[in-house]
Amino acid sequence: SLTDKTSDDVTALTVGDLQFVLNDGTWQLADDADYALDQSAVKRMVSTLCEMQTEWSITTPEADSAYGLDAPDVTATLSFTDGTSLTVRFGTASASDDSLCYLASSDAPTLVYEVNADHKSAFAVTKESLHDDTATAETAADTDVVAQYPVGGENDYADSLPD
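Residues numbered from 1 in each chain as written. Predicted model: local features only at pLDDT ≥ 70, side-chain atom pairs only at ≥ 80, totals over all residues. Heavy atoms only, no water.

1. Side note on helix H1 (residues 39–51)
The following threshold applies: Secondary structure is summarised from DSSP: a helix means a run of H or I of at least four residues, a strand means a run of E of at least two, and numbering begins at the N terminus for each. For a helix, the expected span equals 1.5 Å multiplied by the number of residues minus one. The cut-offs for exposure are 20% and 50% of the maximum accessible area for each residue type, with area from a 1.4 Å probe on protein chains only; residues under the lower value are buried, those over the upper are exposed, and the others partly exposed. Any two residues whose heavy atoms approach within 4.5 Å at even a single point are treated as in contact.
In this model, H1 (13 residues) spans 18 Å end to end at C-alpha, consistent with the 18 Å of a helix rising 1.5 Å per residue. Burial in H1 covers these residues: Ala41, Val42, Met45, Val46, Ser47, Thr48, Leu49 and Cys50. Residues of H1 that are buried in the fold lie against strand E1 (10–15), strand E2 (18–23), strand E3 (26–29), strand E5 (74–80), strand E6 (85–93) and helix H2 (118–121).

Structure representation (structure tokens):
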């Protein structure tokens, strides 16, 4: 595995230009806290990195360019509660098996790993693709709900009925 930390130890995630922070158990975009973010997609990225198992380690790797790590398809960084972080870079498909791709980890800078290529797909995200289209008034925070009839009080209808 890439780390001995669990998803519960993660406080922030950066994927490309997107920065996510965990705030009271809810993932938010660092630069747009009110954005309706798909929580399961962010949790999937975090758990993918925390639970990922490597298939093979290349202990004497060539230059990063041999693995597509000089211009990685995805770069992701986890920040942990103890102040440490883990950065991974996903490279190209393995030369010997295209179901695997190359990965470099900041925790083992002298190694290159081969990991399941499907892991990389969890990080194929944009801000727009992470929008939670199912967010409703029931799932939104109280501060996100706008009153349907903002004028008057809750008993206006009852008060308008004849005695």
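2. Here's the deal with the sheet that holds E5
Applied cut-off: Only when DSSP finds a minimum of two bridges between them are two strands counted as paired. Every axis in this analysis is a line fitted to C-alpha atoms, fitted for helices over the stretch in contact. Angles between the N-to-C directions lie between 0 and 180 degrees.
Pairing within the open sheet is antiparallel, and its eight strands lie in the order E3-E2-E1-E5-E6-E7-E8-E4. Each edge of the open sheet is held by one strand with a lone partner, namely E3 and strand E4 (56–58). Averaged over neighbouring strand pairs, the angle between their axes works out to 25° when direction is ignored. Pairing of E2 with E3 involves four bridges; the strand directions are antiparallel. Following the sheet pairing, Val21 is matched in E3 by Gln28. This element, H1, spans E1, E2, E3, E5 and E6 of the sheet and lies at about 95° to E1.

3. Let's talk about the pattern of salt bridges
The cut-off we apply is this: Criterion for a salt bridge: a side-chain nitrogen of Lys or Arg within 4 Å of a carboxyl oxygen of Asp or Glu.
Scanning the model with the defined rule gives five salt bridges in all. Note that Lys5 is salt-bridged to Asp82, the shortest N-O span being 3.2 Å. With Lys5 in the segment before E1 and Asp82 in the loop between E5 and E6, this residue pair connects regions lying 77 residues apart in the sequence. Between Lys127 and Asp32 there is a salt bridge, with the nearest N and O atoms lying 3.1 Å from each other. Highlighted residues: Lys127 in the loop between H2 and helix H3 (156–160) and Asp32 in the loop between E3 and H1, separated in sequence by 95 residues.

4. Side note on the confidence of the model for the protein chain
Stated precisely, the cut-off is as follows: Residue-level confidence of the predictor is summarised by pLDDT, bounded by 0 at the bottom and 100 at the top.
Residues with a pLDDT of 70 or more make up 82% of the protein chain, whose mean pLDDT is 86. Between the elements of the protein chain, mean pLDDT differs from a low of 49, seen in H3, to a high of 97, seen in E1. Low confidence marks residues 137–157, where pLDDT is under 50. Its contacts with residues over four positions away, or in another chain, come to five contacts.

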